[in-house]
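# Observations on chain architecture
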Amino acid sequence: MRKVMAFLVVMAISVSAMAGQITVGFAQLGAESMWRTANTDSIKGEAASRGINLIFSDAQQKQENQIKAVQSFIAQGVDVIGLPPVVNSGWEPVLREAKEAGIPVILADRTVDTSDDSLYVSFIGSNFIMEGESAGNWLVRELKAKYGDVKGEVFELVGTVGAAPAIDRKKGFENVIASYPNLNIVKSQSGDFTRAQGKEVMEAFIKSPEWTKAQTKIIYGHNDDMVLGAIQALEEAGVNPGKECIIIGVDAIADAFEAIAQGKMHVTVECNPLIGPQFYDMVEALVAGKTIPKIVYSNEGTYDYYCAAALLPWRRSLY
Ligand code: GZL
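The rules we used
- Residues numbered from 1 in each chain as written.
- Predicted model: local features only at pLDDT ≥ 70, side-chain atom pairs only at ≥ 80, totals over all residues.
- Heavy atoms only, no water.
- Helix = DSSP H or I, 4+ residues; strand = E, 2+ residues; numbered from the N terminus.
- Rg over C-alpha atoms; globule rule 2.2 N^0.38 Å.
- Buried < 20%, exposed > 50% of the residue type's maximum accessible area, 1.4 Å probe, protein only.
- Contact = heavy atoms within 4.5 Å.
- Areas by Shrake-Rupley, 256 points an atom, 1.4 Å probe, with all protein chains shown as cover.
- Lys, Arg positive; Asp, Glu negative; His and termini not counted.
- Charge placed at Lys NZ, Arg CZ, Asp CG, Glu CD.
- Pairing = 2+ DSSP bridges.
- Axes fitted to C-alpha atoms, helices over the stretch in contact; angles between N-to-C directions.
- Domains from an automatic or database assignment.
- Buried area = accessible area lost by both parts, 1.4 Å probe.
- Salt bridge = Lys/Arg side-chain N within 4 Å of Asp/Glu carboxyl O.
- Polar contact = N/O pair within 3.5 Å; in protein donor to acceptor, adjacent residues only side chain to side chain.
- Nonpolar A, V, L, I, M, F, W, Y, C, P; charged D, E, K, R; others polar.
- Phe/Tyr/Trp six-rings, centres within 6.5 Å; stacked < 30°, edge-to-face > 60°.
- Lys NZ or Arg CZ within 6 Å of the ring centre and 35° of its normal.
- Near = heavy atom within 4 Å.
- 1 Å grid on protein atoms, 1.4 Å probe; cavity = no way out; pocket = protein on both sides within 12 Å on 5 of 7 lines; lining within 4 Å.
- Sits in = over half its atoms within 2 Å of the grid points.

## A look at the overall build of the chain
When its secondary structure is counted, the chain shows 13 helices and 12 strands. Taken over C-alpha atoms, the radius of gyration comes to 21 Å for the chain, in line with the 20 Å a tight globule of 319 residues would show. When the backbone C-alpha atoms are referred to their principal axes, the chain occupies close to 65 × 40 × 40 Å. Put simply, the chain has 319 residues, and 53% of those count as buried. Restricting the contact set of the chain to residue pairs at least 6 apart, pairs at least 24 apart contribute 75%. For the chain, the exposed surface amounts to about 13,700 Å²; the carbon and sulfur share of it is 54%. Counting 29 positive and 38 negative side-chain charges, the chain places the averaged centre of each group 2 Å from the other.

Shown next as structure tokens:
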């Protein structure tokens, strides 16, 4: 039965190729956050609107599932492979298989560690270091404006261990706070970019001696989903998040705009999930034999309590 299915898929691709239709294999990493859901909607929606034959898989945040999906796309002979690598290591063998099969790979959203960047054609996504620096710079401005002094204890909710956005959002944030000796990360633990684990990590932070000793409690989450889970933990512990803490997220999902409008959170740094149009522009250019830039960054902003309430309807319309 599997052989018959594989044969039918290859036949469908061949027929679509004869008809000039582009076939893309997209190995999505999971459905762990609101950001990811919006990203998937953008990838699927844009393919449908352009008449592109999309073969889509969800790896449930497991690298081995993504690798199997890429190998399946190679076997099916797709035109282009889109890959948002769940972690940044361990990709060279399968990327080499794609290159040997003559199938270009576009890294969409996250990057890989490799000494041979000919193994992928291009990266489209965000500058995660810049996002971390935006979060740090906003915090420094806020502390100066609110307290006249840049000091405080940061409780950091880290993204998926080994993932480029987790590594680089930490790096960017630390680049900024390194200049302020009284502003330090006192606890740091991974919540794997999910709301449930962000809540669990915050529950543990609240029980820690560092939390009890902290004078200015700052929560920096590598994505809004973990921050929203942390806010739930704070409220269940009788802490007023908006009044007793300074809370910073990344992604700029609509639920974060709502939390800011409700006074439970202070700022979110945008990470744009809606990369479908740019991604397929790159696919169509590749199939037409054109060259594309090695790196394409998304446009992003920062939204805090001055503007989130007014922009909430617009943000809801996107997600
Ligand atoms: C960032 C993306 C991250 C989001 C999280 O581009 O990879 O993964 O910030 C998501 O919400 O889980």
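## Looking at the sheet that holds strand 7 (residues 183–190)
In a beta sheet, neighbouring strands pair by backbone hydrogen bonds and run either parallel or antiparallel. Read from one edge of the open sheet, six strands run 7-6-8-9-10-12, paired in mixed fashion. Each having just a single partner strand, strand 7 and strand 12 (302–304) make up the two edges of the open sheet. Direction aside, neighbouring strands of the sheet carry axes that sit 20° apart on average. Relative to strand 9 (residues 245–251), strand 8 (residues 217–221) runs parallel, the two sharing four bridges. If you follow Ile 218 over to strand 9, its bridge partner there is Ile 246. The sheet contacts of helix 6 (residues 164–177) involve strand 6 (152–158), strand 7, strand 8 and strand 9, and relative to strand 7 the element is tilted by about 170°.

## What about the environment of Glu 236?
Along the chain, Glu 236 turns up in helix 9 (residues 224–236). Placed 82 residues apart in sequence, Glu 236 and Leu 318 show a C-alpha to C-alpha distance of 30 Å.

## With respect to the domain arrangement of the chain
Annotation of the chain at the domain level lists domain 1 (2–126 + 273–288) and domain 2 (128–271 + 303–318). Placing the centre of domain 1 and that of domain 2 at their C-alpha centroids yields a distance of 32 Å. Facing 14 residues of domain 1, the contacting portion of domain 2 comprises 22 residues. The contact between domain 1 and domain 2 buries some 1,300 Å² in all, and 57% of this surface belongs to carbon and sulfur atoms. On the domain 1 side of the interface with domain 2, the three residues burying the most area are Met 34, Trp 35 and Ser 126, jointly 38% of the side's total. Where domain 1 touches domain 2, the interface holds zero salt bridges. One can count five residue pairs in polar contact (both at pLDDT 80 or more) joining domain 1 with domain 2. Considered class by class, the residues forming the side of domain 1 that touches domain 2 number six nonpolar, five polar and three charged.

## What to know about the packing of aromatic side chains
Applying the stated criterion across every chain yields a total of 12 aromatic pairs. Ring geometry for Tyr 305 and Tyr 306: centres 4.8 Å apart, planes at 35°, overall tilted. Just above the ring of Tyr 120 sits the side chain of Lys 294; from NZ or CZ to the centre is 4.4 Å.

## Quick notes on the pattern of salt bridges
Throughout the structure, instances matching the rule amount to 21 salt bridges. Residue Arg 36 is joined to Asp 109 by a salt bridge in which the shortest nitrogen-to-oxygen separation is 2.9 Å. Here Asp 109 lies in strand 4 (residues 105–109) and Arg 36 lies in helix 2 (residues 34–50), a separation of 73 residues in the sequence. The residue Glu 142 makes a salt bridge to Lys 146 at a minimum N-O spacing of 2.8 Å. Placement of both Glu 142 and Lys 146 in helix 5 (residues 128–147) is noted, with a separation of four residues, approximately one turn of the helix. In the salt-bridge network here, residues are joined through shared partners; they are Arg 195, Asp 225, Asp 255, Glu 258 and Arg 316.

## Observations regarding the site of the ligand
In the region of the ligand, 13 residues are neighbours, and Glu 32, Asp 109, Arg 110, Arg 169 and Asp 251 sit closest. Between an oxygen atom of the ligand and a side-chain N or O atom of Arg 169, the distance comes to 2.8 Å. Relative to its unbound accessible surface of 320 Å², the ligand loses 100% to contact with the protein. Mapping the ligand onto the cavity grids shows that it belongs to the largest cavity. Listed by contribution, the elements that provide at least two residues to the shell around the ligand are helix 2 and helix 6. Among the residues making up the shell around the ligand, the classes are represented as five nonpolar, two polar and six charged. Two domains share the shell around the ligand, each providing at least three of its residues, namely domain 1 (2–126 + 273–288) and domain 2 (128–271 + 303–318).

## Some points on unusual backbone geometry
Even without glycine at this site, Gln 60 takes up a positive phi of about 50°. Tracing the chain through its elements places Gln 60 in the loop between strand 2 (53–58) and helix 3 (63–76).

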